[in-house]
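# Examination of the molecular architecture
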Amino acid sequence: MIHIAKRLIEFMLFLLLLSFISFIFIKLAPGDPVKQMLHVDEVSVTKEQIEALRDELKFNEPLYIQYWYWLKRFFEFDLGHSYITKQPVLSELLSRFPATITLTCASLIVMILISVPLGTLSALYKNKWVDHMSRLFALVGSSIPSFWLGLLFIELFAVKLGILPSMGKGTAKHIILPSLTLGIAMSAVYVRLLRSSLLEGLNEDYVKAARARGISEKRIFLFHVFRRSLIPVITIFGMSLGSLISGTVVIEVLFAYPGIGKMVVDAIIRRDYPVIQGYVLFITILIVMINIFVDICYRYLNPEIRLKGVERR
Amino acid sequence: MSLLTVHQLYIYFRNKPIVKNIDFTVRHGEWFSLIGESGSGKSITASAIGGLLPKEMLIAAGHILFDYKDITHLSNKEFQKIRGKEISYVFQDYQSSFTPFIKIGKQLDEMIQAHCSLTKKERREIAFQALEDVQLPAKRVYDSYPFQLSGGQLQRASIAMAIMLKPKLLIADEPTTALDSITAAHVLEVIANIKEKINCAILFITHDLRMARKYSNTIAVMKQGKIVEVGTKESVIYHPSHPYTKRLLSAVPTIKRITSPTKRDLILQ
């Protein structure tokens with residue numbers, strides 16, 4: 001319990017610091033949303049009108065005062081309203097979030113479906129043709145930028161063959177190309193990681209001991225090698241969550257997929273400050289939550305961590 | 001009556017012989033010690049008997065007969081049936097005798113399941129009996145992870161696992177080397193008790209003559225891949241014929257030699 005409470009306090013402080021830094025950075029970027037809000041391109045507006053709106057949004061106050069206003073509302077669970085759509089930021093985020101989660105999960109499934117069999121086979125058949133193929137796949141997969149891969153897929157499946165939609169969401173078909181693109185880009189690393197981790201596991205002395213007991217090779221692999229080999233894979237996964245999130249941003253923009261990634265890119269272009277700030281906080285909370293989950297996985301995979309407090313008996 | 005016969009065995013590692021023309025016989029219920037310095041090929045020989053040679057090594061010539069069957073070139077599947085049930089191993093590195101993240105009980109259970117079809121309750125009884133045979137608190141060890149036990153306890157647990165299915169031959173590959181001398185003596189005693197109880201033969205591999213002296217019936221001395229001398233304990237220890245055995249014997253520190261002044265000490269005085 002103390003452990004959890006400590007982590008929670010740490011997390012709150014971290015969130016505070018992060019929100020401050022992101023607030024400052026957003027404001028430091030040149031431009032503001034005022035002209036967009038007044039539709040300068042379509043109607044003529046006076047200088048006074050612009051200044052009045054700036055005052056109303058408190059853009060003329062010092063930055064720390066502006067931050068203070070934001071923080072006060074944040075503690076009332078109010079992330080403000082979007083300057084452009086006038087909708088509450090929180091409800092905007094929540095309405096867009098399921099689409100992103102669907103995309104992320106589908107990509108993870110693609111990643112697991114590729115990297116687990118390929119990593120396993122290339123460990124079992126080290127330096128055979130499967131291994132060479134997987135090495136090539138990893139090399140190509142990690143060198144190709146995901147947006148380019150996405151474009152290739154669109155060209156092939158949507159334009160040439162016309163069997164899959166290239167943009168938007170709605171049916172299960174819409175999720176295939178985005179998740180395939182992201183999943184392949186991610187799995188490149190994990191194929192090799194799992195392979196080396198499995199090879200290390202197969203060379204352990206306790207594997208030899210299990211053989212000496214007459215345990216079958218299949219059982220040794222599944223119960224004595226594979227489980228332990230997931231530890232480094234999960235570690236790297238926990239650390240690369242950031243790139244997964246930014247990966248979804250690229251993919252969502254490319255496939256015009258209405259998730260929160262697409263939303264934040266639009267918000268950045270329009271300097272829609274509350275939405276950007278809300279996105280940053282939302283993602284931070286998400287990453288911390290997944291990290292706690294990774295922590296729990298760890299404890300399951302390695303009982304030594306779980307029982308560390310227990311004295312040697 | 002011979003249980004294990006190794007006949008003119010050659011083992012090659014990348015086209016170089018590392019075990020050359022080895023001959024020895026282990027009789028039923030006998031304690032057979034194979035002594036030699038590190039790199040003399042004794043552990044390789046032990047691995048070869050159970051078909052546990054690393055991929056780069058192969059048996060180039062010779063035969064291994066176990067229980068009147070030629071097991072020299074069995075397939076891995078056939079070896080799986082023998083290993084753990086008829087021939088079992090205890091290794092030097094007790095930390096690696098068990099998979100670190102699986103409870104000891106589960107690993108004992110897994111091994112019984114691999115060799116016999118018994119109910120859960122029967123399997124548990126066998127495991128508990130084996131742990132008690134090596135003087136461990138059965139229930140606690142059964143429910144422990146390997147890292148929760150001390151070195152001596154872990155080595156005894158691995159002996160329990162090795163003898164659980166009453167093998168005919170127990171190959172103990174330097175089982176005491178990584179232990180302190182008091183724990184080592186205890187582990188030796190445990191092995192000796194078990195041997196009496198289940199009446200198995202023991203192939204005891206060590207580089208330490210002191211470990212072989214107490215319980216052995218027969219001693220073979222190995223050097224650079226060859227057996228240079230083999231005989232009863234008495235003949236090898238008290239009447240060594242090969243110069244290497246003599247050197248090995250003289251290297252064992254005895255209380256007498258430590259306390260009595262040497263020639264050099266006398267001269268210095």
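Residues numbered from 1 in each chain as written. Chains lettered and ligands numbered in written order. Predicted model: local features only at pLDDT ≥ 70, side-chain atom pairs only at ≥ 80, totals over all residues. Heavy atoms only, no water.

### With respect to the overall build of chain B
Operational definition: For helices the rule is a DSSP run of H or I covering at least 4 residues; for strands it is a run of E covering at least 2, with both sets numbered from the N terminus onward. Only C-alpha atoms enter the radius of gyration; for comparison, a globular chain is expected to reach 2.2 Å times N to the power 0.38, where N is the number of residues. Three labels apply to residues, based on accessible area from a 1.4 Å probe with only protein chains included: buried if under 20% of the type maximum, exposed if over 50%, partly exposed otherwise in between. By definition, residues are in contact when any of their heavy atoms lie within 4.5 Å. Each accessible area is a Shrake-Rupley estimate made with a 1.4 Å probe; only the visible protein chains count as cover when residues are assessed.
The helix and strand tally for chain B stands at twelve helices and ten strands. Rg of the C-alpha trace for chain B: 20 Å, near the compact-globule value of 18 Å for 269 residues, within the 12% margin. Seen through its C-alpha atoms, chain B measures out along the principal axes to roughly 70 × 45 × 35 Å. A total of 269 residues make up chain B; the buried ones form 54% of that total. Within chain B, counting contacts between residues at least 6 apart in sequence, those at least 24 apart form 68% of the total. Of the roughly 12,800 Å² that chain B leaves accessible, carbon and sulfur atoms contribute 53%.

### A look at the confidence of the model for chain B
All names here are of chain B. Stated precisely, the cut-off is as follows: The predictor's confidence in any single residue is recorded as pLDDT, a number from 0 to 100.
Taken residue by residue, chain B gives an average pLDDT of 88. The fraction at 70 or more is 94%. Taking the mean pLDDT of every element in chain B, the minimum, 53, falls on helix α11 (residues 255-259) and the maximum, 94, on helix α3 (residues 104-115). Scored as a complex, the prediction yields pTM 0.78 and ipTM 0.85.

### A word on the nonpolar core
Keep this limit in mind: Each nonpolar core is a collection of buried residues, namely Ala, Val, Leu, Ile, Met, Phe, Trp, Tyr and Cys, held together in the definition by side-chain atoms within 4.5 Å.
With 79 residues, the main nonpolar core has Leu108(B), Leu131(B), Ile159(B) and Leu170(B) as its most contacted residues. Top element by residues in this core is helix α8 (residues 172-202) of chain A. It accounts for nine residues. Beyond its immediate sequence surroundings of up to four residues, Leu108(B) is in contact with Ala127(B), Leu131(B), Tyr142(B), Met161(B) and Met164(B). Judged by nonpolar contacts, the second largest core, of 37 residues, contains Ala46(B), Ala48(B), Tyr89(B) and Leu169(B).

### Section: the layout of surface pockets
Put simply, the rule reads: Using only the protein atoms, space was sampled on a 1 Å grid; points where a 1.4 Å probe fits but cannot get out form cavities, open sets with protein on both sides within 12 Å along at least five of seven lines form pockets, and lining residues are those with an atom within 4 Å of a point. Grid points are joined across faces, edges and corners, and a volume is the space filled by probe spheres set on the points. All amino acids are sorted into three groups, where Ala, Val, Leu, Ile, Met, Phe, Trp, Tyr, Cys and Pro are nonpolar, Asp, Glu, Lys and Arg are charged, and the leftover types, Gly among them, are polar.
Its boundaries defined by the atoms lining it, the largest pocket holds a volume of some 1,300 Å³. Contributing to the lining of the largest pocket are 34 residues, with Arg211(A), Glu217(A), Leu53(B), Pro54(B) and Lys55(B) lying nearest its centre. Listing elements by their share of the lining of the largest pocket, those giving two or more residues are α5 (89-124), α8, α9 (205-212) and α10 (217-239) of chain A together with β4 (57-66) and α2 (76-82) of chain B. Tallied by class, the residues present in the lining of the largest pocket amount to 17 nonpolar, six polar and eleven charged. The volume enclosed by the second largest pocket comes to roughly 550 Å³. Lining the second largest pocket are 27 residues, with Leu108(A), Met111(A), Ile112(A), Phe237(A) and Phe293(A) positioned closest to its centre. Taken together, the elements giving at least two residues each to the lining of the second largest pocket come down to α5, α8, α10, α11 (241-254) and α13 (273-301) of chain A. The element contributing the most residues to the lining of the second largest pocket is α5(A), with ten residues.

### With respect to the UniProt feature "transmembrane region" (unreviewed entry) in chain A
Put simply, the test is: UniProt positions are given in the numbering used here, feature names are shortened, and annotations may be inferred rather than shown by experiment.
The positions that UniProt labels "transmembrane region" (unreviewed entry) are, in the present scheme, residues 101-124, 136-163, 175-194, 229-256 and 276-298 of chain A. Between the first and last C-alpha atoms of residues 229-256 of chain A the distance is 37 Å; the span itself is 89% helix and 0% strand.

### Brief notes about unusual backbone geometry
Phi angles above zero are rare outside glycine, and Ala256(A) is one such case at about 45°. Here Ala256(A) lies in the loop between α11 and α12 (260-270). By relative accessible area, Ala256(A) is classed as partly exposed at 25%. Here the phi dihedral of Arg14(B) falls at roughly 50°; this positive angle occurs in a residue that is not glycine. Assignment of secondary structure puts Arg14(B) in the loop between β1 (2-13) and β2 (16-27).

### A look at the pattern of salt bridges
What counts, and what does not: A side-chain nitrogen of Lys or Arg and a carboxyl oxygen of Asp or Glu constitute a salt bridge if their distance falls within 4 Å.
Per the counting criterion, the structure on display carries 17 salt bridges over all chains. We note a salt bridge from Arg123(B) to Asp109(B), for which the minimum N-O separation is 2.9 Å. Placement of Arg123(B) in helix α4 (residues 120-133) and of Asp109(B) in helix α3 is noted, with a sequence separation of 14 residues between them. The class of Arg123(B) is buried, set by a relative accessible area of 9%. On the accessibility criterion, Asp109(B) (12% relative accessible area) is buried. Here Glu125(B) makes a salt bridge to Lys121(B), at a shortest N to O gap of 3.7 Å. With Glu125(B) and Lys121(B) both in helix α4 and four residues apart, this pair spans about one turn of that helix. Assessed through its relative accessible area of 61%, Lys121(B) is described here as exposed. Residues joined in a network through salt bridges with shared partners are Asp131(A), Arg135(A), Arg192(A) and Arg195(A).

### Here's the deal with empty space enclosed by the protein
Taken as a whole and judged by the stated rule, the model has one cavity of 30 Å³ or more. Size it by volume and the largest cavity reaches roughly 110 Å³. Along the wall of the largest cavity there are 13 residues; nearest its centre are Ala209(A), Arg213(A), Tyr89(B), Phe91(B) and Met161(B). Taken together, the elements giving at least two residues each to the lining of the largest cavity come down to α9 of chain A together with β6 (87-90) and α6 (151-163) of chain B. Of the residues belonging to the lining of the largest cavity, the class tally is eight nonpolar, four polar and one charged.

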